[in-house]
Amino acid sequence: EEILAERAARRQALERLAQAEVMLHQTTARLEDAEALLQRERSARLKAEKTNADLSVQVRSMQNIIEAVDVRLDRVTLPDGSVDPLRLVLELASMALPHIDHGGDPLVAVGQLDAAVRLQERPPLMPAACFAGPACGAAGGPG
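Residue positions are given per chain, counting from 1 as you read along its sequence in written order. Owing to the predicted nature of the model, reporting of local features is limited to residues with pLDDT of at least 70; listing and counting of side-chain atom pairs is limited to 80 or more, with chain, interface and lining totals taken over all residues. Side-chain metrics in this entry use all non-hydrogen atoms of the structure; hydrogen atoms and water are not considered.

Turning next to the overall build of the protein. Broken down by element type, the protein carries five helices and zero strands. Only DSSP runs of H or I reaching four residues or more are called helices, and only runs of E reaching two or more are called strands; each is numbered from the N terminus. Reading the secondary structure of the protein in the N-to-C direction produces α-α-α-α-α. With 143 residues in all, the protein has 4% of them scored as buried. Here, two residues are considered to be in contact whenever any of their heavy atoms come within 4.5 Å of each other. Pairs at least 24 residues apart make up 5% of the contacts formed inside the protein by residues separated by at least 6 positions. Accessibility throughout is a Shrake-Rupley quantity obtained with a 1.4 Å probe, and a residue counts as covered only by protein chains that appear here. When the accessible area of the protein is evaluated, it comes to approximately 12200 Å², of which 61% is carbon and sulfur surface. Throughout, exposure labels follow a simple rule: accessible area from a 1.4 Å probe, protein chains only, divided by the maximum for the residue type, with under 20% read as buried, over 50% as exposed, and the rest as partly exposed.

Here it is as structure tokens:
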């Protein structure tokens, strides 16, 4: 009888051990799922923070542009609320032209404004002559 009781106790212990292992496996699987979800949430948060930072930079840039240009909407807005593109261009040109030496020639002014914009778009290590003109090393070109 004692041996039968010991076997029964051992069998119950093995059943409890098997149940505990199943519960451990289920808990481990839930933990792995939760960790994967946490990692996805962290990645999404980091991406959202980067997007927010990028948008903040763009907003600040747009605010600076609006303040620098200082075009008053009432000067370029038509009575129906739409923007008059010709007046807008005139206002923008009146802000840009004093900063360049155009000698009264509108074609020179446009060329100088275009060159100024291209110069700003030039990669930092590329010589201006290579960016604005023919390819460096080409016949007749710089280099």
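This brings us to the pattern of salt bridges. One speaks of a salt bridge when a side-chain nitrogen belonging to Lys or Arg is within 4 Å of a carboxyl oxygen belonging to Asp or Glu. Counted under the stated rule, the structure contains four salt bridges. Between R10 and E6 there is a salt bridge whose closest N-O contact spans 3.3 Å. Of the two residues, R10 and E6 are both situated in helix α1 (residues 2-69); the distance of four residues between them amounts to about one turn of the helix. On the basis of relative accessible area, R10 is assigned to the exposed category, the value being 52%.

A separate point is the side chain of D84. One can find D84 in the loop between α2 (73-76) and α3 (85-96). Owing to a relative accessible area of 15%, D84 belongs among the buried residues under this scheme. Within the local environment of D84, its side chain forms a polar contact with the side chain of R87, the two groups lying 3.1 Å apart. Any pair of N or O atoms that falls within 3.5 Å is considered a polar contact. Within protein, one atom must be able to donate a hydrogen and the other to accept it, and sequence-neighbouring residues count only if both atoms are side-chain atoms.

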